[in-house]
Amino acid sequence: MGESAASASADADGSEPSRSDLPTTIDVDATGDIVLDVTFETSAATLNRARKALLAASKKAGSQPLPPSTLKPKVRVAYRVSLAALKKHSKYFSNLLSNPQFREARLISDFHEELAQRKVKPSEADIRDLPWITIADDDEATRAAGRENAMEDILNIIHQKPPKTARATLSYVTTLAIMADRFDCVTGVARSLITDLKFKWPVTTGKPLRSDDGNPTDTEQALRQKILIAWLLGQPMRLHQSTRELIVRGSCLWSEFYDTESNLTAAWWNLPDGIEEELRYRRGCVLNTVASVQRHFLALFSSRERQCKLGYDTSGACDSFQLGQMLKFFLSKDLVYLVDFSPTSLDFVPDTAMVDIEELLSTLQQCPNYQLDKHHTNCGLRVRVEPILGYIRTMLNATAVSLPHTEWKRNRADVSWVTQKERKRDRDNEKPAKTFEFTRALANDQRLRYEGALYADKISRAMFTADAWDWTPEA
């Protein structure tokens, strides 16, 4: 993503193509003065997936018969385009085709000079007499076949023409966004996404993100593609929604048991510009915060400090009863796991990379209101944990949890939780750990009721990035 012009340009040769080797030509601009000779190389794995998708689509009721497949491992297409339009709307082409350090720029100058000596205008010249700029494009980042259509749409957008694609799918828009990022023309493509393509963002299904064999499913792929599109094409609200969803639902790529050598090279499997690492870290922070609630009350009821404040002779028994019921509930809901001193006990702890945080909070809220007898009311976990879980839900909905598009582009160091962790690590180790205290004043603060409030964002970040948590400081 964002390759330099030198790396992405192919070896342009100035030889005039003969009629026999002339590839498929497309007049993006019939009076264009240069030709982009693009070779699209597609891997066998990508072609197989594309053929299966076409076959499945053709079997649907009311669909047209499957046309003869044009999917090939190598497709060469020549686009006649306007040099001025490319230079105006694409920084990539402006640099590649204007900078005399690149042979493509010198080639264009030489050919246009030759046409001028023959008194032929480039706009009226035969396509074979124009300078041909060779570009190679592979499917490593897009994992998509038929990219020549996306290239044509991008060039049409650059020339202020509507794209030819009538119905844009999520996978097609993803390819469009990746290629637009490569050729540095995202502004026009982002505008066309709304005005011409009228792209409707699909809702992520509730299906699992991980398959039975441990690999990511199409559901996670769609979610990640939405994040990538929103980031590359500048869609702040979509980025906010999709990054929060990935933080809440998790990713099988973030599992400690995931095979890092798997062949997932598409751009969305490793989100660019530090987004992947940031989202993974933010999810870890939220999970640590939720887990601290369980640890806090287990530690409280395991301590010598009396939790039952009723003053009965049975108050000690009440604490033991509540501890036992609490532990029983946590174990039955797979919220805690008993690990002893044997190394093999760690094998019984499952992978939690895919734990849904919303479901986790709902499960914790199901804790019954246990009573030792009719006198011991409000002694258990439920009455004490409900306001805490409600507060965490409020903070989870704050905009600080998701990724802000503008701030991440302009002022990443100040909004990054990862950077905050690194700065904290560099400070004097003798400084005390930062503890978040859940006071009554904080719990009843009316400013937290308004979504998007700056105060709520500040408290949300402080809570999720704390070193320790005290959920009953005034008990």
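Right above here is the structure, for reference.
Note that the structure is a prediction, hence the values are computed from the model and not measured. (Residues numbered from 1 in each chain as written. Predicted model: local features only at pLDDT ≥ 70, side-chain atom pairs only at ≥ 80, totals over all residues. Heavy atoms only, no water.)

**Here's the deal with the overall build of the protein**
On a plain count of helices and strands, the protein comes out with 19 helices and six strands. Here the analysis covers contacts within the protein between residues at least 6 apart in sequence; of these, 79% occur between residues at least 24 apart. Summed over all atoms, the accessible surface of the protein reaches about 25,300 Å², with 50% contributed by carbon and sulfur. (Helix = DSSP H or I, 4+ residues; strand = E, 2+ residues; numbered from the N terminus. Contact = heavy atoms within 4.5 Å. Areas by Shrake-Rupley, 256 points an atom, 1.4 Å probe, with all protein chains shown as cover.)

**Focus: unusual backbone geometry**
With phi around 50°, arginine 143 is a residue other than glycine that occupies positive phi space. With respect to the secondary-structure elements, arginine 143 resides in the loop between β4 (132-138) and α6 (147-158). In the Ramachandran plot, lysine 198 falls in the positive-phi region, its phi being about 50° despite a non-glycine side chain. Looking at the secondary structure, you find lysine 198 in the loop between α8 (186-195) and α9 (218-232). On the accessibility criterion, lysine 198 (56% relative accessible area) is exposed. (Buried < 20%, exposed > 50% of the residue type's maximum accessible area, 1.4 Å probe, protein only.)

**Side note on the pattern of salt bridges**
Pairing is possible between side chains that carry opposite charge, provided their charged atoms lie close to one another. What the rule picks out here adds up to 18 salt bridges. For aspartate 139, the salt bridge is made with arginine 143, and the minimal N-O distance between the two is 3.6 Å. For aspartate 139, a relative accessible area of 5% corresponds to the buried category. Judged by its relative accessible area of 22%, arginine 143 is partly exposed. Among the ionic pairs, arginine 224 bridges to glutamate 220, the shortest N-O distance being 2.9 Å. Note that arginine 224 and glutamate 220 are positioned in helix α9 at a spacing of four residues, about one turn of the helix. Of the two residues examined, arginine 224 and glutamate 220, each falls in the buried class. Each of Asp137, Arg147 and Arg182 takes part in one network of salt bridges that share partners. (Salt bridge = Lys/Arg side-chain N within 4 Å of Asp/Glu carboxyl O.)

**Quick notes on the nonpolar core**
One finds Leu36, Tyr79, Phe93, Met151, Phe436 and Phe464 to be the most contacted residues of the largest nonpolar core, which totals 113 residues. Looking at which element gives the most residues to this core, the answer is helix α11 (residues 275-302), with ten residues. Those residues in contact with methionine 151 that lie beyond four places of it in its chain are Leu36, Val38, Phe40, Tyr79, Phe93, Met179 and Phe183. Val35, Leu115, Ala125 and Leu130 belong to the second-largest nonpolar core, a separate cluster that totals seven residues. (Core = buried A, V, L, I, M, F, W, Y, C linked by side-chain atoms within 4.5 Å.)

**Remarks on the layout of surface pockets**
Left-over empty space is what a probe sized like a water molecule reveals as it rolls over the atoms. By volume, the second largest pocket is sized at about 890 Å³. Together, 30 residues line the second largest pocket, and Leu287, Ala291, Thr352, Ala353 and Val355 are the ones closest to its centre. Elements that contribute at least two residues to the lining of the second largest pocket include exactly α11 and α13 (357-365). If one sorts the elements of the lining of the second largest pocket by residue count, α11 sits on top with eleven residues. Split by residue class, the lining of the second largest pocket holds 15 nonpolar, six polar and nine charged. (1 Å grid on protein atoms, 1.4 Å probe; cavity = no way out; pocket = protein on both sides within 12 Å on 5 of 7 lines; lining within 4 Å. Points joined across faces, edges and corners; volume = space filled by probe spheres on them. Nonpolar A, V, L, I, M, F, W, Y, C, P; charged D, E, K, R; others polar.)

**Here we look at the pairing of β4**
β4 sits mainly inside the fold: five of its seven residues count as buried. By the bridge criterion, seven bridges tie strand β2 (residues 34-41) to β4 in an arrangement that is parallel. The residue bridging glutamate 41 from the neighbouring strand is aspartate 138, located in β4. (Pairing = 2+ DSSP bridges.)

**Some thoughts on the packing of helix α7 (residues 170-182) against α9**
With their axes 9 Å apart at the nearest point, α7 and α9 run at an angle of 40° to one another. Considered as vectors, α7 and α9 are oriented oblique to each other. Considering only the axes of α7 and α9, their crossing is left-handed. Facing Leu170, Ser171, Val173, Thr174, Ala177, Ile178 and Asp181 of α7, the residues of α9 in contact are Ala222, Gln225, Lys226, Leu228, Ile229 and Leu232. (Axes fitted to C-alpha atoms, helices over the stretch in contact; angles between N-to-C directions. Parallel < 35°, antiparallel > 145°, perpendicular 65-115°, else oblique. Left-handed = near helix turned anticlockwise from the far one by under 90°.)

**Some remarks on helix α14 (residues 382-396)**
Compared with the 21 Å implied by 1.5 Å per residue over 15 residues, the 20 Å span of α14 between its first and last C-alpha is a close match. Within α14, the full set of buried residues consists of Arg384, Val385, Ile388, Leu389, Tyr391, Ile392, Met395 and Leu396. The buried side chains of α14 occupy one side of the element, clustering within an arc of 160° when seen end-on. The inward-facing, buried residues of α14 abut α10 (236-249), α11, α13, β5 (435-437), α18 (440-443) and α19 (454-464). (Expected span 1.5 Å × (residues − 1). Arc of directions from axis to C-beta.)

**Concerning the sheet that holds β4**
Strands sit in the order β1-β3-β2-β4 across an open sheet of four strands; the sheet is mixed. The strands lining the two open edges of the sheet, one partner per strand, are β1 (24-27) and β4. Pairs of neighbouring strands in the sheet enclose a mean axial angle of 25°, with direction left out of account. Contacting β2 and β4, helix α5 (residues 103-117) runs over the sheet at an angle of about 150° to β4.

**Overview of the packing of aromatic side chains**
What the rule picks out here adds up to ten aromatic pairs. Measuring from ring centre to ring centre gives 5.0 Å for tyrosine 92 and phenylalanine 93, while their planes differ by 85°; the resulting arrangement is edge-to-face. Taken as a pair, tyrosine 92 and phenylalanine 93 share a single burial class, namely buried. In this structure an aromatic cluster arises from ring pairing among Tyr391, Phe436, Phe438 and Trp471. (Phe/Tyr/Trp six-rings, centres within 6.5 Å; stacked < 30°, edge-to-face > 60°.)

**Brief notes about empty space enclosed by the protein**
Applying the stated criterion across every chain, the model contains one cavity of 30 Å³ or more. Here the largest cavity defines a volume of roughly 60 Å³.

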